[in-house]
Amino acid sequence: MRKTILAMTVAALLLSANLSAQDAPQQPGQTADAGAAAAPPGADQAQAGLAKAQAFLATLHFQQGDITVPGSDARFNLGPEFRFLDKTDARKVLEQFWSNPPNDTVLGMVVPASTPLTDDHSWAVVVTRTDEGHVADDDAAKTDYDALLKDMQKADADDNAERKKAGYPELTLIGWAAPPRYDSASKKLYWARELASTDAEQHTLNYDIRVLGRSGYLSLNAVAGMNDLATVQAGMQRLLPMVEFDPGKRYADFDSSHDKLAGYGIAALVAGGIAAKAGLFAKIGVILLAFKKLVVVTVVAIGAAFKKLFGGKGKGGPTVQ
């Protein structure tokens, strides 16, 4: 029988509550049968769901410390609060555990060590690389990000028309959860957006980091619920200095005599969908989905091929066997 990851998560939470009740000391006169009678319905199904999730997580190979990321020309020097999953394991989490569409551009995933992936407040950072050329940063200081936000919000109407036509929930950009900030010394850009979906009660947090390099940039993308903003923001700020391009691949190594220019700047990296409409981004950037959190794509125009990857249009989202 096909089950959504969300259903499995809810079942796991029910099981957790049931186990806590069973582990509590028995009161005088209370029997084991009385405790069993109080168990919520569907406990067997919940236990099976939790066992399946735990068995899946046991197949993952978490790494710590100094991490080389193949295909990125970059490395992470992770502190004890973070762990890393390579490309294979990261895709397993995204596609099998969280039911995202296949995405071969994913290079890895950074996971906070303190929060298991089965936790309702879990979050993770998906690592990808764009190698379209050197991104000029001379527009960073003069970009009006509030005006850019309004342009992005205006684009929602067209984007949501495409989503609705394809049978997917509409997304609305509420505003900055954290306004864009660019560190010209480290060549790192970060910002966060608050989004609302027609099929989700809680607003969604998108937290993004871009690390500029010689011939492109590294993307670190995290998605969580807005109630986890403080946790994710603090974690992303700690992660920010832990990633660097390799010597020879850093922003300062750019050689204008033969290196390619991207043709866009900092504002286009933040705008995302608008930049794509202008022909600046060629690929859909899929960001992670954490259980009941929202699937968000950087480019919201959905073509037939993208719909095929999702394998369905229902509000319940993609399913797994």
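Residues numbered from 1 in each chain as written. Predicted model: local features only at pLDDT ≥ 70, side-chain atom pairs only at ≥ 80, totals over all residues. Heavy atoms only, no water.

Peer 1: Mind laying out the pattern of salt bridges, listing which residues take part and the relevant values?
Peer 2: In total, this model carries 13 salt bridges according to the counting rule given. Among the ionic pairs, D104 bridges to K87, the shortest N-O distance being 3.5 Å. Placement of D104 in the loop between helix 4 (87-97) and strand 4 (108-112) and of K87 in helix 4 is noted, with a sequence separation of 17 residues between them. On the basis of relative accessibility, which here comes to 54%, the residue D104 falls in the exposed class. Under the relative-accessibility criterion, K87 is labelled partly exposed at 28%. E95 is the salt-bridge partner of R91, the closest N and O atoms lying 2.6 Å from each other. (Salt bridge = Lys/Arg side-chain N within 4 Å of Asp/Glu carboxyl O. Helix = DSSP H or I, 4+ residues; strand = E, 2+ residues; numbered from the N terminus. Buried < 20%, exposed > 50% of the residue type's maximum accessible area, 1.4 Å probe, protein only.)

Peer 1: Any chance you could break down helix 6 (residues 156-166) for me, citing the residues and the numbers?
Peer 2: Given 3.6 residues per turn, any residue in an α-helix points the same way as the ones three and four places further on. Of all the residues in helix 6, the buried ones are D156, D159, N160, R163 and A166. The buried residues of helix 6 occupy an angular sector of 120° when projected down its axis, which confines them to one face. The outward face of helix 6, more than 90 degrees from its buried face, is lined by the exposed residues A157, D158, K164 and K165. Positive backbone phi, approximately 90°, marks G167, located one or two places after helix 6. (Arc of directions from axis to C-beta.)

Peer 1: Outline the sheet that holds strand 2 (residues 74-77), listing residues and values.
Peer 2: Judged by pairing direction, the sheet is antiparallel, and its three strands sit side by side in the order 1-2-10 without closing on themselves. Across the chains shown, the open sheet's two edge strands, defined by having one partner strand only, are strand 1 (66-69) and strand 10 (243-245). Averaged over all neighbouring strand pairs, the angle between strand axes comes to 25°, with direction disregarded. Bridging between strand 2 and strand 10 involves three bridges; their strand directions are antiparallel. The residue of strand 10 that forms the bridge with A74 is F245. (Pairing = 2+ DSSP bridges. Axes fitted to C-alpha atoms, helices over the stretch in contact; angles between N-to-C directions.)

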